[in-house]
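# Coordinate inspection notes
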Amino acid sequence: MLRMSTLFLRTLREDPSDAEVPSHRLLVRAGYIRRAAPGGFTWLPLGWIVYRKVEAIVRAEMDAAGFQEVHFPALLPREPYEATGRWTEYGPNLFRLKDRRDNDFLLAPTHEEMFTLVVKDLFSSYRDLPVSIYQIQTKYRDEARPRAGLLRGREFVMKDSYSFDVNDDGLRESYRRHREAYIRTFDRLGLPYVIVSAMSGAMGGSASEEFLAPLEVGEDTFVRCTACDYAANTEAVRVAAPDIAAATAGPSRVVDTPGTPTIDSLVDHLNGDADLTRSDRQWAASDTLKNVIIKLVHPDGRVEPLAIGVPGDREVDMKRVEAQVSPAEPAPFGDADFANYPMLAKGYIGPGSLGLNSASGIRYLVDPRVVANSAWVTGADRAGHHVVDLVCGRDFTPDGLIEAAEVRDGDPCPECGAPMESARGIEIGHIFQLGRKYAEALDLKVLDADGELVTVTMGSYGIGVSRAVAAIAETSHDDAGLIWPRAVSPADVHLVIAGKEGGPQRPAAEVLAAELEAAGMSVLFDDREGVSPGVRFKDAELIGVPTIVVVGRGIDDGLVEVKDRRSGERSDVAIGEVVAHLRSLVSA
RNA sequence: CGGGAAGUGGCGCAGCUUGGCUAGCGCACCUGCUUUGGGAGCAGGGGGUCGCGGGUUCGAAUCCCGCCUUCCCGACCA
């Protein structure tokens, strides 16, 4: 039993000034957490109870799925991370430190290397696989900007799992089992989520999905179809490509378009010149093909120019580009770069000067909407000139496709064609078919049935445990305070005494509290003396136990009040029946 | 990393422009009395290196320089 008279708790009447998002505000105000360091929080007793309940549910579902728990140090030597290149690749987000002998160490931001090495250490046969192991561990990332309390800290708790299989079929099965375990976990946590397709990072990536709690305060933008169940992170959205059977446009022709370096000016010119107007409709920005040049900086330092062609009504979304070209980094193509490519007429760049086999030799990738037989107005590689009716596949051939164009509300779903809508969410889980990257880097191989060495294929799967606490608070609160789902509430029942000191309420409440505990329910008991009823009610609402029981003025008639925190509904229940009544509520 | 705002008892804030007596207010905390179904009243208390370091000055929360931290927007971020 948690007695508020002795509980290590102090609620705040006012919002802390540095807290913006509701979960941060309320968790601090209600006495669950306290800021201890930039991006680091102390868990107070109520908060730690909730945290452990969340952790227990995560652990129970991992165990139920047959995954085995291990535990690594957070403080690790440099070497394994050097072997995979991440000592440098992780950049400034990695906490690095030295021991007394000047050896490099790090505080692990994630543990792929260690899991890979421990499996290599123990196992060497296909007979040992598949295996999935996990840990619940404190992670460290030197975030440029910790924010929103528990939602993005520099120290946080993550459940990370890794699967090890001999082949791709096995990986897919391990991935499926984790996906189902995650669905069960988030369902039990009472956390709403959307499963979205995500970018796996490296080119030619394998399957990756994120579990996003759909919340405005979230940092991830995703789109979902209004008709079917397609949903994807913005970076990973696939564009629905039209199917055009044959080119209907006439032969391409170069036209004079003086002073039209922008798409808007070009469209205005096309619609304003009698020789160029269309018979069927006005020209639109989406009829034009805009070619944007960027630079890619590869991890080895090599710099490669890249041309991206998108419909003129859309911007190139650098986040989407980055996700496509990772691990290379996109960078702007500046005036100095243009000087090296005199064949590029800025503002009038067209496919004629682009492509690996062209004069520039610049790789040319286009949006999937630029399909075979589609006709475009695009630059003629001469200032003041454009080409009309340039048909893809007939008049030019790109080097490939790239998903780089911005995504908009209302864009058609790639699955069913219905309009999609965008929303924001908090990433609470991520499942990812890693493949052989780490196994190759760290030489994790097993003997197969034929006695041949094969490289193991891996999956990695994460749940932000401390973030999940904040996400639950974020999805479940009102103006008065938190409202915990029963599965993670710090108590089953919040029992409040409301009556004059010395009256019958206190002894009756003491008896009731003991009976509730005896019946298997956990009780947060407001047994404080000299505290006015208003304070008790406000604190109860702030703390957010889903069921509040008031032993008050009804006690003379043998009645106590049962309040539902979420709905606000109250009902009087005979004190002799309240234990059974509450037990049915709590177990419902 | 760029732009903006801000650091004063546990929490929320004032004071700073124009340097000066004991650094003030509300909440919280302690003592006493009253009060007890929606953040009570009265009286009396305790608690603050004014973010850190340096400088100017007879004198700095206040002015100057540097740094750190927090929040917001952007960049960044399995």
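Everything here concerns the structure above.
Structural notes, computed from the coordinates. (Residues numbered from 1 in each chain as written. Chains lettered and ligands numbered in written order. Predicted model: local features only at pLDDT ≥ 70, side-chain atom pairs only at ≥ 80, totals over all residues. Heavy atoms only, no water.)

Moving on, we come to the packing of aromatic side chains. Per the counting criterion, the structure on display carries 12 aromatic pairs. Ring geometry for Phe186 against Phe211: centres 5.4 Å apart, planes inclined by 40 degrees, an arrangement best described as tilted. Here Phe186 is found in helix H6 (residues 168-189), whereas its partner Phe211 is found in strand S11 (residues 208-214), with 25 residues between them in sequence. Both residues of the pair, Phe186 and Phe211, belong to the buried class. Where Tyr193 meets Phe211, the ring centres are 5.7 Å apart and the plane angle is 50 degrees; that geometry is what we call tilted. A residue pair is termed long-range when its members are at least 10 positions apart, and Tyr193 in the loop between H6 and strand S10 (194-197) and Phe211 in strand S11 qualify at 18 residues. Accessibility expressed as a relative area gives 22% for Tyr193, which makes it partly exposed. Chaining the aromatic ring pairs together yields one cluster made of Tyr182, Phe186, Tyr193 and Phe211. For Arg96, the ring lying beneath its charged end belongs to Trp87, and the centroid distance is 4.9 Å. Against the face of Phe537 rests Lys563, its NZ or CZ located 4.7 Å from the ring centre. (Phe/Tyr/Trp six-rings, centres within 6.5 Å; stacked < 30°, edge-to-face > 60°. Helix = DSSP H or I, 4+ residues; strand = E, 2+ residues; numbered from the N terminus. Buried < 20%, exposed > 50% of the residue type's maximum accessible area, 1.4 Å probe, protein only. Lys NZ or Arg CZ within 6 Å of the ring centre and 35° of its normal.)

Structurally, the position occupied by Gly410 is in the loop between strand S21 (400-401) and strand S22 (420-435). By relative accessible area, which is 44% here, Gly410 ends up partly exposed. C-alpha separation for the pair Gly410 and Cys225, spaced 185 residues apart in sequence, amounts to 9.0 Å.

Tyr32, Val54 and Trp484 are the most contacted members of the largest nonpolar core, which totals 59 residues. When residues of this core are assigned to their parent elements, the largest contribution, eight residues, is made by helix H2 (residues 45-64). In terms of domain composition, this core takes at least three residues from each of domain 1 (2-237 + 422-473) and domain 3 (491-587). When residues no more than four places from it in sequence are discounted, the contact partners of Trp484 are Leu27, Tyr32, Val50, Val469, Ile472, Ala473, Ser489, Pro490, Ile543, Gly544, Val545 and Pro546. (Core = buried A, V, L, I, M, F, W, Y, C linked by side-chain atoms within 4.5 Å. Domains from an automatic or database assignment. Contact = heavy atoms within 4.5 Å.)

Next up on the list: the sheet that holds strand S5 (residues 75-77). The strand order across the open sheet formed by three strands is S5-S7-S6, and the pairing between neighbours is antiparallel. In this open sheet, the two strands that pair with only one neighbour each are S5 and strand S6 (95-98). Adjacent strand axes in the sheet meet at a mean angle of 35 degrees when their direction is disregarded. With three bridges connecting them, S5 and strand S7 (residues 104-107) associate as antiparallel partners. What sits directly across from Leu75, in S7, is Leu107. (Pairing = 2+ DSSP bridges. Axes fitted to C-alpha atoms, helices over the stretch in contact; angles between N-to-C directions.)

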